[in-house]
Amino acid sequence: MNIMGILLIIAGIIALVLFYFIFSYLALWVQALVSGAKVGLINIIFMRFRKVPPKLIVESKIMAVKAGIDISTDALESHYLAGGNVARVVQALIAADKANIALSFNRSVAIDLAGRNVLEAVQMSVNPKVIETPLVAAMAKDGIQLKAISRVTVRANIDRLVGGAGEETVLARVGEGIVTTICSADTHKQVLENPDLISKTVLKKGLDAGTAYEILSI
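These remarks concern the structure in this document.

Conventions we followed
- Every chain is numbered on its own, with residues counted from 1 as its sequence reads.
- The predicted origin of the model limits local features to residues at a pLDDT of at least 70 and limits the giving and counting of side-chain atom pairs to 80 or more, whereas totals for whole chains, interfaces and linings rest on all residues.
- Computation of side-chain values covers all heavy atoms of the structure but excludes hydrogens and water.
- Nonpolar core, defined: a set of buried Ala, Val, Leu, Ile, Met, Phe, Trp, Tyr and Cys residues in which side-chain atoms within 4.5 Å join the residues together.
- The rule is simple: take the accessible area with a 1.4 Å probe, protein chains only, and divide by the maximum for that residue type; under 20% is buried, over 50% is exposed, in between is partly exposed.
- Secondary structure elements are defined from DSSP: runs of H or I of at least 4 residues count as helices, runs of E of at least 2 residues count as strands, and each element is numbered from the N terminus.
- Should any heavy atoms of two residues lie within 4.5 Å, those residues are counted as being in contact.
- Strand pairing is defined by DSSP finding a minimum of two bridges between the two strands.
- Here an angle of 0 to 180 degrees is reported between the N-to-C directions of two axes, which are lines fitted to C-alpha atoms, with helices fitted over the stretch in contact.
- Surface patches are drawn from residues lacking salt bridges whose relative accessible area is over 30%; two like charges belong together within 9 Å, two nonpolar side chains (Val, Leu, Ile, Met, Phe, Trp, Tyr) within 5 Å.
- Under the convention used here, a 1.4 Å probe and the Shrake-Rupley method define accessible areas, while residue burial counts only the protein chains that appear.
- Any carboxyl oxygen of Asp or Glu within 4 Å of a side-chain nitrogen of Lys or Arg constitutes a salt bridge here.
- Geometry of aromatic contacts follows a simple scheme: Phe, Tyr and Trp rings, the Trp one being its six-membered ring, pair when their centres are within 6.5 Å, and the pair is stacked under 30 degrees between planes, edge-to-face over 60, tilted otherwise.
- By construction, the arc corresponds to the directions joining the helix axis to the C-beta atoms.

Thoughts on the nonpolar core
At step 1: If you look at the biggest cluster of nonpolar residues, it comprises 56 residues, and the most contacted ones within it are Ile71, Leu103, Phe105, Val154 and Val174.
At step 2: Looking at this core element by element, the count peaks at seven residues for helix 5 (residues 86-98).
At step 3: Those residues in contact with Val174 that sit more than four places away from it in its chain are Thr133, Ser150, Val152, Val202, Leu207, Ile215 and Ile218.

Following this line, the structure appears as structure tokens:
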């Protein structure tokens, strides 16, 4: 095979590769166009140079537009480049919007970059979660030891997700409250006859302060 034949083969391969990329960009652009999402073809092409996956950004933009949420393409790209989960943030915003929960894009981005699952937080705001404390042992003033397990119903507090303590802190505080309640009882019977005494005492202490959750019941 002469040099001309080799060059033709190389040129053919390059042309096929270019056609594949151009076709994929055009397909994304058409998909965005028919979906009502304004993403320019040039912008889609340059996403590759910015090391941003065009498919992820375009599909996230379409998902947001279809849900009636206005998010700029640049904002989605910036969040991806910052190491965020773009799809999860958009899904969280859609879920919050449908549940009438006030959640802005900047807030959801901050939560996501803080390492919290913002979608799970929105879901927990709608459907509270039940967490269980480990077995707690404490002694009443009459010398009788009681052991208790508590189930705590918590709801995510979106405003405190960034910087707020997690489930472990809530469980530790509730456990401490149980011990305090039992130890301050004159007799173990007082606790057994009024188990809601523990719940009332613990809830009065505001143990969810500074945490990412709101205690609903114990």
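After that view, the rundown keeps rolling.
Brief notes about the environment of Leu33
At step 1: With respect to the helices, strands and loops of the structure, Leu33 is situated in helix 1 (residues 3-35).
At step 2: Owing to a relative accessible area of 52%, Leu33 belongs among the exposed residues under this scheme.
At step 3: A sequence separation of 29 residues divides Leu33 from Ile62, and the C-alpha atoms of the two residues are 9.4 Å apart.

Quick look at the sheet that holds strand 5 (residues 213-217)
At step 1: Spatial strand order, 1-4-5: three strands in an open sheet with antiparallel pairing. Single-partner strands in this sheet number two, and they are strand 1 (129-132) and strand 5. Sheet twist, expressed as the average angle between the axes of neighbouring strands with direction ignored, equals 45°.
At step 2: Relative to strand 4 (residues 151-156), helix 7 (residues 118-126) is tilted by about 115°, and along the sheet it contacts strand 1, strand 4 and strand 5.

Concerning the side chain of Ser108
At step 1: When you line up the elements, Ser108 lands in helix 6 (residues 105-113).
At step 2: Excluding residues within four positions of it along the chain, Ser108 makes contact with Val89, Leu93, Leu103 and Val118.

A closer look at the pairing of strand 2 (residues 136-139)
At step 1: Judged by which residues are buried, strand 2 turns out to be one-sided: Val136 and Ala138 face inward and are buried, whereas Ala137 and Met139, on the alternate face, are not.
At step 2: Pairing of strand 2 with strand 3 (residues 145-148) involves four bridges; the strand directions are antiparallel. The residue of strand 3 that forms the bridge with Ala137 is Lys147.
At step 3: As consecutive antiparallel partners, strand 2 and strand 3 are separated by five residues, and within that stretch Gly143 has a phi angle of approximately 85°, a positive value.

Description of a nonpolar patch on the surface
At step 1: Side chains of Leu26, Trp29, Val30, Leu33 and Val34 sit close together on the surface and give an oily, nonpolar patch of about 450 Å² of accessible area.
At step 2: Examined against the element boundaries, Trp29 turns out to sit in helix 1.

Some thoughts on the packing of aromatic side chains
At step 1: Tallying each qualifying case throughout the model produces one aromatic pair.
At step 2: Between the aromatic rings of Phe46 and Phe49, the centroid separation amounts to 5.7 Å while the plane-to-plane angle is 45°, which identifies the pairing as tilted. Residue Phe46 and its partner Phe49 are both found in helix 2 (residues 41-49); the two are separated by three residues, about one turn of the helix.
At step 3: Assessed through its relative accessible area of 64%, Phe49 is described here as exposed.

Let's talk about the side chain of Ser125
At step 1: Secondary-structure assignment places Ser125 in helix 7.
At step 2: Setting aside its immediate chain neighbours within four residues, Ser125 contacts Ile101, Arg155, Ala156 and Ile158.

So, the pattern of salt bridges
At step 1: Under the counting rule described, the total for this entry stands at seven salt bridges.
At step 2: For Glu167, the salt bridge goes to Lys129, with nearest N and O atoms at 2.7 Å. Note that Glu167 is positioned in helix 8 (residues 167-184) and Lys129 in strand 1, a separation of 38 residues in sequence.
At step 3: Residue classification places Glu167 among the partly exposed positions, given a relative accessible area of 21%.
At step 4: According to the relative accessible area criterion, Lys129 is partly exposed, its value standing at 30%.

Some remarks on the environment of Leu171
At step 1: The topology assignment puts Leu171 in helix 8.
At step 2: Remark: the alpha-carbon pair of Leu171 and Arg151, spanning 20 residues in sequence, is separated by 9.4 Å.
At step 3: Look past the residues within four positions of Leu171 in its chain and what remains in contact with it is Ile131, Glu132 and Thr133.

What to know about helix 10 (residues 196-204)
At step 1: Listed in full, the buried residues belonging to helix 10 are Ile198, Ser199 and Val202. Buried residues of helix 10, seen end-on, are gathered within an arc of 95° and therefore sit on one face of the element. What points out from helix 10, more than 90 degrees from its buried face, is the exposed set Lys200 and Lys204.
At step 2: Contact partners of the buried residues in helix 10: helix 8 and helix 9 (188-193).
At step 3: Backbone geometry just after helix 10 places Gly206 at a positive phi near 60°.

Functional significance is not addressed by these values, which are geometric in nature.
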